[in-house]
Every structure is written in structure tokens, then in C-alpha cells.
Amino acid sequence: MFLKKLIRSSNRLYFGMRVLRMFIIRRLHGFQNIHYSSNLLGNSKLSKDVIMGAFCSVGPGAYICPKVRMGNYVMIAPNFSVVGDDHRTDQVGVPYIFSGRPDGKTTIIENDVWIGRNVILRSGVRIGRGALLAMGTVVTKDVEAYAIVGGVPAKVIGTRFASSIDREKHDAMLAKNPELRHFCGDQ
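Source: prediction; values computed, not measured. (Residues numbered from 1 in each chain as written. Predicted model: local features only at pLDDT ≥ 70, side-chain atom pairs only at ≥ 80, totals over all residues. Heavy atoms only, no water.)

1. Remarks on the overall build of the chain
Turning to step 1, where the next piece is worked out: Regarding its fold elements, the chain presents three helices and 16 strands.
Turning to step 2, where the next piece is worked out: On the principal axes, the C-alpha backbone points of the chain span a range of 65 × 45 × 30 Å.
Turning to step 3, where the next piece is worked out: Burial status across the chain gives 36% buried among its 187 residues.
Turning to step 4, where the next piece is worked out: Summarising the internal contacts of the chain: among those between residues at least 6 apart in sequence, 24% fall at separations of at least 24.
Turning to step 5, where the next piece is worked out: As presented, the chain carries roughly 11,500 Å² of accessible surface, and 57% of it is formed by carbon and sulfur atoms.
Turning to step 6, where the next piece is worked out: Between the averaged position of the 26 positive side-chain charges in the chain and that of its 14 negative side-chain charges there is a distance of 8 Å. (Helix = DSSP H or I, 4+ residues; strand = E, 2+ residues; numbered from the N terminus. Buried < 20%, exposed > 50% of the residue type's maximum accessible area, 1.4 Å probe, protein only. Contact = heavy atoms within 4.5 Å. Areas by Shrake-Rupley, 256 points an atom, 1.4 Å probe, with all protein chains shown as cover. Lys, Arg positive; Asp, Glu negative; His and termini not counted. Charge placed at Lys NZ, Arg CZ, Asp CG, Glu CD.)

Rendered as C-alpha cells:
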């Protein structure tokens, strides 16, 4: 317990331990396109070709299919899934089980997206920068930048920034190279 408190008391020490942990995970599981500052928590299943930018966090129980690209600062809560569009449905006289798989579509999650618990994305969608996906949402279509969506299927329920000035300020910050700032609770 003391060691845990000591590590948490220093941003640099905590970040260093996280980087070391992710180095081991990336080597053991063959993840070559996950930034060293990102964090995988718990028992998740990710395709080897997933691309993950700086300072991302994926909660436990995630299932992420092939061809998923994430920007920087993406936060994903537990039990997130990217699935679907992986069986042919257009073959007359052929049962689904024998229909084969089409070429997969690329799923893009842009910078600074927050994805709540138990969210499901249909593969091939694009989630715009700064979007927030409420818990339990099922996303079947693209989500605009800074939209707040929820429901089944997902519908826009709000916007993150009311003014274009706030959006421009936030976009300017996202355009900079990612850097270590502070973790939750640190000021």
C-alpha cells in the first residue's frame, strides 16, 4: 500500500511505471502501433493492427476488431466493443456461415474522444474529435466533432462546446504535440 501511494504521489514516477508496464504488454502481445504513453487496463482483446495515439486509455473488457485507428487523448471505459460488418449478407442461396468475410472497413476515433461504459461501435464509423459517447450507446453512423451522443441507436443529445471560439481554442490545443500534463486529481 505504501509503495502504491508513493508511486501515485509523483506524476513522473507514476507515468514511468505506466510506460514500463505498457512496454512489457506491447512486447508480450505484439502491439507495434500503440504509443508508449497509452494504457491498456484489465483483460481486453485488441487486434494486433490497432493504432493508438498518445495518452489513450482503454478500460478492461474491451473487444476491438481489426482496422481501428485512435488519435491522442482517447478515453475508453470498460466493456467497449468495435464489431460488425464482418460477414457477407448479399449472397443468395448461401447461408451466412459459408458466405465469407468482406474486406474490413477502417474505424477512426479522432483525438480527445471520451467513450463511456458498454458502448458498441459498428466497424467503419468515424468518431469526430472531442466527441462524447454516453454509456450504453450503440453507434451505427459517423459522429460529428464535439457531439455528445447517447441511446440505441446513437442520437445527438448535446454539444461539448457551445461557442465556436471554444472549439477553436480546443482545436489549437489538440494540434500541438501531446505532452505529459497532470493526471486526474493532480493540480
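2. Comments concerning the sheet that holds strand β6 (residues 68-70)
Turning to step 1, where the next piece is worked out: Read from one edge to the other, the open sheet built from four strands follows the order β3-β6-β9-β12, with strand pairing classed as parallel. Each edge of the open sheet carries a strand with a single partner, namely β3 (51-52) and β12 (126-127).
Turning to step 2, where the next piece is worked out: Strand direction decides the pairing type here: β3 and β6, joined by two bridges, are parallel. Considered in β6, the bridge of Ile51 is made with Arg69. (Pairing = 2+ DSSP bridges.)

3. Details of helix α2 (residues 11-29)
Turning to step 1, where the next piece is worked out: A rise of 1.5 Å per residue sets the reference length of α2, with its 19 residues, at 27 Å; its end C-alpha atoms lie 27 Å apart and thus fit the reference within 8%.
Turning to step 2, where the next piece is worked out: Along α2, the residues classified as buried are Tyr14, Phe15, Arg18, Met22, Ile25 and Arg26. With its buried residues spanning 100° around the axis, α2 presents them on a single face. Away from its buried face, by an angle of more than 90 degrees, α2 presents the exposed residues Arg12, Arg27 and Leu28.
Turning to step 3, where the next piece is worked out: A positive phi of about 75° marks Gly30, the residue just after α2. (Expected span 1.5 Å × (residues − 1). Arc of directions from axis to C-beta.)

4. A look at unusual backbone geometry
Turning to step 1, where the next piece is worked out: Along the chain, Val152 connects to Pro153 via a cis peptide bond; the corresponding omega equals -10°.
Turning to step 2, where the next piece is worked out: In this structure, Pro153 sits in the loop between β15 (147-150) and β16 (155-159).
Turning to step 3, where the next piece is worked out: Despite not being glycine, Tyr73 shows a phi value in the positive range, around 60°.
Turning to step 4, where the next piece is worked out: On the secondary structure map, Tyr73 appears in the loop between β6 and β7 (75-76).
Turning to step 5, where the next piece is worked out: Positioned with a positive phi, Asp112 is a non-glycine residue whose angle comes to about 60°.
Turning to step 6, where the next piece is worked out: Mapped onto the elements of the fold, Asp112 is located in the loop between β9 (107-109) and β10 (114-115).
Turning to step 7, where the next piece is worked out: Among the residues examined, Asp112 registers a relative accessible area of 16% and is labelled buried.

5. Concerning the side chain of Glu110
Turning to step 1, where the next piece is worked out: Its place among the elements puts Glu110 in the loop between β9 and β10.
Turning to step 2, where the next piece is worked out: Glu110 sits in the buried class, given a relative accessible area of 19%.
Turning to step 3, where the next piece is worked out: One polar contact links Glu110 to Arg126, side chain to side chain, over a distance of 2.8 Å.
Turning to step 4, where the next piece is worked out: A polar side-chain atom of Glu110 sits 2.9 Å from the main-chain amide nitrogen of Arg129. (Polar contact = N/O pair within 3.5 Å; in protein donor to acceptor, adjacent residues only side chain to side chain.)

6. What about the side chain of Thr137?
Turning to step 1, where the next piece is worked out: In this structure, Thr137 sits in the loop between β13 (132-133) and β14 (138-139).
Turning to step 2, where the next piece is worked out: Only 2.6 Å separates the side chain of Thr137 from the backbone oxygen of Ala134, close enough to count as a polar contact.
Turning to step 3, where the next piece is worked out: Contact partners of Thr137, with chain neighbours within four places excluded, come to Asn118, Val119, Ile120, Val149, Gly150, Gly151 and Ala154.

Treat this as a map of the structure, not an account of what it does.
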